Amino acid sequence: MRPFRYERAADAEEAVALITAEPEAKFLGGGTNLVDLMRLGVNAPGTLIDVTRLAGHDRIEETAGGGLRIGAAVTNSDLAADPRVRERYPVLAQAVLNGASGQLRNLATVGGNLLQRTRCAYFQDITKPCNKRSPGSGCPAREGDHHNLAIIGHSRHCVATHPSDMAVALAALDATVHVRGPSGERAIPIPGFHRLPGDEPEKDTVLDPNELITMVELAPRAHATRQRYRKVRERRSFAFALVSIAAVVEFEGQTAADVCVALGGVAHVPWRATIAEDLLRGGPIDESTLTRAAEAELVKAEPLRDNGYKVELARRLIVRTLLDLVEADT
Ligand SMILES: Cc1cc2nc3c(=O)[nH]c(=O)nc-3n(C[C@H](O)[C@H](O)[C@H](O)COP(=O)(O)OP(=O)(O)OC[C@H]3O[C@@H](n4cnc5c(N)ncnc54)[C@H](O)[C@@H]3O)c2cc1C
Ligand code: SF4
């Protein structure tokens, strides 16, 4: 690991000023991803700016309309344990608890979780080419090991997936990311915060380099919504999703007044299943409508040589998880 300088910012303004003054600096959350990447030589920032103790960033607060504002430095453990999150946004608590391990969740922050990098093995191995790490060098995963990589929305330049469980739930909940940069503050809806690889796979999100995530906002949810996060992985803990789903459905009897579904492990972004949602919204939810909706969503899937199994897994997860919500008592 190369030597680096450590700075601790007191508030968001100071953090942005520090990073703007030092082009080679990076923000440091819990360090559970960034420090690993520094050890591997993937990142070598000259300065780390600790943003875990910025004033007000470790709080979860009510919004006027009944939603929540979650500070970017709230740890994943505190987020999943918050009674308001557990009661009103259980899909988020379930997603967070499905990620990493207890020790990691105690350190990992909301801001860092959204910006964690792909687990593609070539990205983490600096002896190999990788367009995301070293633009223009190539994408060995396309012909190599891609069994856990993307089946939809990928490009010839990159077939990586986004690894966050939390981001999948936030996408289904239509959360908004608030950021602050040198030219002020802005709000970015989470479907739209992460980006598809296209011909610039080095960019995971639409964030500008010196922008700081300050908080994530959750809109109020109707009381009748049922929510579920389900993750299929190679072992029960300490494993990233092969495919996951976050489903949020507002029922009127057996009819779906509103349906929000996001898939994890299938794309470079948490994948909002808008085609399936449109087919299901306003109608009855049963096995045949769900099968049709899931198949329509996945028509555009382009699996690679070794990850076609994910298409069937995603189809089954959509059908099974939404049927479970129909059958749930609450
Ligand atoms: C063994 C292992 C298993 C794991 N399993 C899972 C899993 O199953 N599911 C899952 O979702 N995750 C998993 N993770 C990943 C873990 O959730 C992330 O490492 C963690 O959420 C990152 O948060 P952090 O605060 O430690 O981020 P850091 O490592 O501190 O930072 C990550 C990135 O975010 C940037 N950053 C941090 N805070 C901000 C901010 N406020 N504004 C702007 N930029 C910021 C940093 O500069 C860096 O680029 C696993 C990790 C490990 C090591
Ligand atoms: S899939 Fe993306 S991250 Fe993986 S090797 Fe290809 S370019 Fe790099």
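Keep in mind it's a predicted model, so treat the numbers as computed, not measured. (Residues numbered from 1 in each chain as written. Chains lettered and ligands numbered in written order. Predicted model: local features only at pLDDT ≥ 70, side-chain atom pairs only at ≥ 80, totals over all residues. Heavy atoms only, no water.)

Draft legend 1. A look at the overall build of the chain. What the chain contains, in helices and strands, is eleven helices and twelve strands. Here the chain has a C-alpha radius of gyration of 20 Å; the compact-globule value for 330 residues is 20 Å, and the two agree. A principal-axis box enclosing the C-alpha atoms of the chain has dimensions of 60 × 50 × 35 Å. Counting the 330 residues in the chain, one finds 52% classified as buried. (Helix = DSSP H or I, 4+ residues; strand = E, 2+ residues; numbered from the N terminus. Rg over C-alpha atoms; globule rule 2.2 N^0.38 Å. Buried < 20%, exposed > 50% of the residue type's maximum accessible area, 1.4 Å probe, protein only.)

Draft legend 2. Local environment of the sheet that holds strand β9 (residues 225–232). Strand order in the open sheet formed by four strands is β9-β10-β11-β12, with antiparallel pairing between adjacent strands. Since the sheet does not close on itself, it has two edges, and those belong to β9 and β12 (271–272), each with one partner. Across nine bridges, the pairing between strand β10 (residues 243–252) and strand β11 (residues 255–264) is antiparallel. Bridge pairing in β11 links Ile-245 to Leu-263. In this fold helix α11 (residues 309–327) packs onto β9, β10 and β11, with an angle of close to 30° to the strand it touches most, β10. (Pairing = 2+ DSSP bridges. Contact = heavy atoms within 4.5 Å. Axes fitted to C-alpha atoms, helices over the stretch in contact; angles between N-to-C directions.)

Draft legend 3. Broad picture of helix α10 (residues 287–298). A rise of 1.5 Å per residue sets the reference length of α10, with its twelve residues, at 16 Å; its end C-alpha atoms lie 16 Å apart and thus fit the reference within 8%. Those residues of α10 lying buried are Thr-289, Leu-290, Ala-293, Ala-294, Glu-297 and Leu-298. The arc that holds every buried residue of α10, seen down its axis, measures 155°, which confines them to one face. Measuring from the backbone nitrogen of Ser-288 back to the side-chain oxygen at the start of α10 gives 3.1 Å, which picks out Asp-286 as the cap. (Expected span 1.5 Å × (residues − 1). Arc of directions from axis to C-beta. Polar contact = N/O pair within 3.5 Å; in protein donor to acceptor, adjacent residues only side chain to side chain.)

Draft legend 4. Focus on the site of ligand 2. Around ligand 2 lies a shell of 13 residues, among which Cys-120, Cys-130, Cys-139, Cys-158 and Val-159 are the nearest. In terms of residue class, the shell around ligand 2 is built from ten nonpolar, two polar and one charged. (Near = heavy atom within 4 Å. Nonpolar A, V, L, I, M, F, W, Y, C, P; charged D, E, K, R; others polar.)

Draft legend 5. How the structure looks around the packing of α10 against α11. Where α10 contacts α11, the two axes come as close as 9 Å, and the packing angle between them is 145°. Crossing of α10 against α11: the hand is right-handed. Contact with α10, carried on its side by Glu-287, Leu-290, Thr-291, Ala-294, Glu-295 and Leu-298, involves Val-311, Ala-314, Arg-315, Ile-318, Val-319, Leu-322 and Leu-323 of α11 and no other residues of that element. For the contact of α10 with α11, a count of residues per class yields nine nonpolar, one polar and three charged. (Left-handed = near helix turned anticlockwise from the far one by under 90°.)

Draft legend 6. Fine view of the sheet that holds strand β1 (residues 5–8). Spatially, three strands are ordered β1-β3-β2 in an open sheet, and the strand pairing comes out parallel. The strands lining the two open edges of the sheet, one partner per strand, are β1 and β2 (25–28). Within the sheet, the average angular offset between the axes of one strand and its neighbour, ignoring direction, is 25°. Sheet strands in contact with helix α1 (residues 12–21) are β1, β2 and β3 (47–50), and its direction is about 150° off that of β2.

Draft legend 7. Examining the site of ligand 1 more closely. What surrounds ligand 1 is a group of 33 residues, the closest being Phe-27, Thr-32, Leu-34, Thr-109 and Asp-165. A distance of 2.6 Å is found between an oxygen atom of ligand 1 and a side-chain nitrogen or oxygen belonging to Thr-109. Against a free-state accessible area of 990 Å², the protein chains account for coverage of 93% of ligand 1. Contributing elements (two or more residues each) for the shell around ligand 1: β2, α2 (34–40), α7 (110–114) and β8 (212–218). Looking at side-chain class alone, the shell around ligand 1 contains 15 nonpolar, 13 polar and five charged residues. (Areas by Shrake-Rupley, 256 points an atom, 1.4 Å probe, with all protein chains shown as cover.)

Draft legend 8. Molecular detail of the side chain of His-162. Among the structural elements, His-162 can be located in the loop between α7 and α8 (166–172). There is a polar contact of 3.3 Å between the side chain of His-162 and the backbone nitrogen of Ser-164.

Draft legend 9. Spatial organisation of the pattern of salt bridges. Under the criterion given, the structure shown has 27 salt bridges. One salt bridge connects Glu-62 with Arg-88, and the closest N-O pair in it is separated by 3.0 Å. Of this pair, Glu-62 sits in strand β4 (residues 60–62) while Arg-88 sits in helix α4 (residues 83–88); the two residues are 26 residues apart in sequence, bridging distant segments of the chain. For Arg-88, a relative accessible area of 24% translates into the label partly exposed. Residue Glu-200 pairs with Arg-195 through a salt bridge whose shortest N-O separation is 4.0 Å. Linked through salt bridges whose partners overlap, the residues forming this network are Asp-174, Arg-221, Asp-258, Arg-272, Glu-277, Asp-278 and Arg-281. (Salt bridge = Lys/Arg side-chain N within 4 Å of Asp/Glu carboxyl O.)

Draft legend 10. Up close: the nonpolar core. Core analysis: the biggest nonpolar cluster contains 39 residues, and Leu-79, Leu-92, Leu-114, Leu-170 and Leu-218 have the highest contact counts within it. With seven residues, the single largest contributor to this core is α8. One finds Ile-152, Val-269, Ala-314 and Leu-323 within the second-largest nonpolar core, a separate group that totals 31 residues. (Core = buried A, V, L, I, M, F, W, Y, C linked by side-chain atoms within 4.5 Å.)

Any functional reading would require information that these geometric values do not contain.
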